[in-house]
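An overview of the molecular structure
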Amino acid sequence: MQVPFVDLRAQYAQLKAQIDTAIHEVIDECAFVGGRRVSEFERAFAEISGAKHCVAVANGTDAIYISLKMLGIGVGDEVITTASSWISTSETITQTGAVPVFVDVDKYFNIDVTAIRSKINDRTKAILPVHLYGQAAQMVEIAKICSDTGLLLLEDCAQAHLSTFDGQPVGTFGAAGTFSFYPGKNLGAYGDAGAIITNDDELADKLRMFANHGSLKKHEHYLEGMNSRLDGIQAAVLLAKLPWLQEWTAKRQQNARRYDELLKEIPALTVPQIRQGSGHVYHLYVIRIGKRDGLREYLSSNGIQTGIHYPRALPALPPYARTGFEREYPNAIRYQHEILSLPMFPELTHEAIDYVVTCIAEYCGVDTGNTYVIA
Ligand SMILES: *Cc1c(COP(=O)(O)O)cnc(C)c1O
């Protein structure tokens, strides 16, 4: 049996007629950049995300950069963020002229809220938590730290569409939340795409201006900005897919429950730990295991694709590594060698999950018997 890590074809097969028609309409109208589909998608995504405004941009990395810039982050500032993320989170901080200050992760793979306060100093301007793999960070604690200290709060929700903490949607706890619609994300375009959500009217206007050369009206440039707009074709694809996002998310969650149930019989590995209050939309299903590389090879030789997100924690990457980082970020550094992302997408079948678990059990020397079959 072959089990891919993700299967982008499955969603296209499901919605082929709508997506093909929508793309052709954009081409017929020559509405290539911006336009009514972009506005329609912004309204729909704001609504489903529980926010007042959504500003569509070219990708999830720009979404972070634009937000940081319009929140006034720049030279001389520090922004506290997590040691485990995709590099967009930290490289955009540096691009503004500010310095990323990393905090180690906890067993939920998210920023360790108990370690944040000790990193705050006079230069600290903002906290940028990431809802890694789709699980919300401890947002009540983080929002409290921000309100106690006057720091800005920006959430990187690139992996966490529709996730919540204590029932509140991610991206709505602070000034703004940023999303990516990279094809493999929980809501994926057919190219690069991203968005920012906010409840702040004034910030929404600034974000929109900055993403479009500092302009809200043609040839009136209030400030210098950048070109980071959403394509009409991407908006059309996203609009066709958006009505399915809740159902696809529920399927990811069901798949995760099945993995959880079956994998808990295998003592050598740790299934994803869920924090009290945290919603998890399972962009990735990440286990921890000591003999990770051996398991990965064994699965690969049995037709199962897996991933590592990410092989190196941010403080271990060349742009950031400085002496002693291993001692400063013990969890993030240890997890680099233990984490393994198993196949996860809405259309993943029960048979495929059972097969993945059987192969893991074999590798771990656990007798599968029939214990891995749930009625
Ligand atoms: C994907 C991702 C981004 C960047 O999004 P792009 O659309 O690829 O630019 C930022 N942060 C995290 C955590 C991501 O997973």
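Anything mentioned here points back to the structure above.
Below or above, wherever it landed, is the structure these notes cover. A quick note: this is a predicted structure, and the numbers were derived from the prediction, not measured. (Residues numbered from 1 in each chain as written. Predicted model: local features only at pLDDT ≥ 70, side-chain atom pairs only at ≥ 80, totals over all residues. Heavy atoms only, no water.)

**Regarding the site of the ligand**
Keep this limit in mind: What makes a residue near a molecule or strand is one non-hydrogen atom of that residue sitting within 4 Å of it. Counted as a polar contact is a pair of N or O atoms within 3.5 Å, where, for protein atoms, one must be capable of donating a hydrogen and the other of accepting one, and residues adjacent in sequence contribute only when both atoms are in side chains. Under the convention used here, a 1.4 Å probe and the Shrake-Rupley method define accessible areas, while residue burial counts only the protein chains that appear. Going along the chain from the N terminus, every DSSP run of H or I of four or more residues is numbered as a helix, and every run of E of two or more is numbered as a strand. Charged means Asp, Glu, Lys or Arg here, nonpolar means Ala, Val, Leu, Ile, Met, Phe, Trp, Tyr, Cys or Pro, and polar covers whatever is left, Gly included.
Surveying the vicinity of the ligand reveals 15 residues, the closest of which are Gly 60, Thr 61, Asp 156, Ser 180 and Lys 185. Side-chain polar atom of Gln 159 to an oxygen atom of the ligand: 2.8 Å apart, as the coordinates give it. Contact between the ligand and Ser 180: an oxygen atom at 2.6 Å from a side-chain N or O atom of the residue. Across the complex, the protein chains shield 93% of the 380 Å² of accessible surface that the ligand would expose by itself. Listing elements by their share of the shell around the ligand, those giving two or more residues are α3 (60-70) and α4 (88-95). For the shell around the ligand, the residue count by class is five nonpolar, eight polar and two charged.

**Digging into the sheet that holds strand β3 (residues 99-103)**
Two pairing modes exist for strands in a sheet, parallel and antiparallel, and in both the strands are linked by backbone hydrogen bonds. Stated formally: In this scheme, strands are said to pair when DSSP sees at least two bridges between them. Here an angle of 0 to 180 degrees is reported between the N-to-C directions of two axes, which are lines fitted to C-alpha atoms, with helices fitted over the stretch in contact. Two residues form a contact once any of their heavy atoms are found within 4.5 Å.
Strand order across the open sheet formed by seven strands is β1-β9-β8-β5-β4-β2-β3, with mixed pairing between neighbours. The sheet is open, and its two borders are formed by β1 (53-57) and β3, each paired with just one other strand. Taken pair by pair, the neighbouring strands of this sheet meet at an average axis angle of 25°, ignoring direction. Across five bridges, the pairing between β1 and strand β9 (residues 194-198) is antiparallel. When the bridges of β9 are listed, His 53 appears paired with Thr 198. Set on the sheet, helix α2 (residues 36-48) makes contact with β1, β8 (176-180) and β9; between it and β1 the angle comes to about 130°. Contacting β1, β4 (124-128), β5 (152-156), β8 and β9, α3 runs over the sheet at an angle of about 160° to β8.

**Structural notes on the sheet that holds strand β13 (residues 285-289)**
The three strands are arranged β12-β13-β14 in an open sheet whose pairing can be described as antiparallel. Each of the sheet's edge strands pairs with one partner strand only, and the pair in question is β12 (269-270) and β14 (339-342). Two strands pair when backbone bridges link them, and β12 and β13 are joined in this way by two bridges, in the antiparallel orientation. By the bridge assignment, Thr 270 is partnered in β13 with Arg 288. Against the sheet, helix α8 (residues 245-263) engages β12, β13 and β14, with an angle of about 20° to β13.

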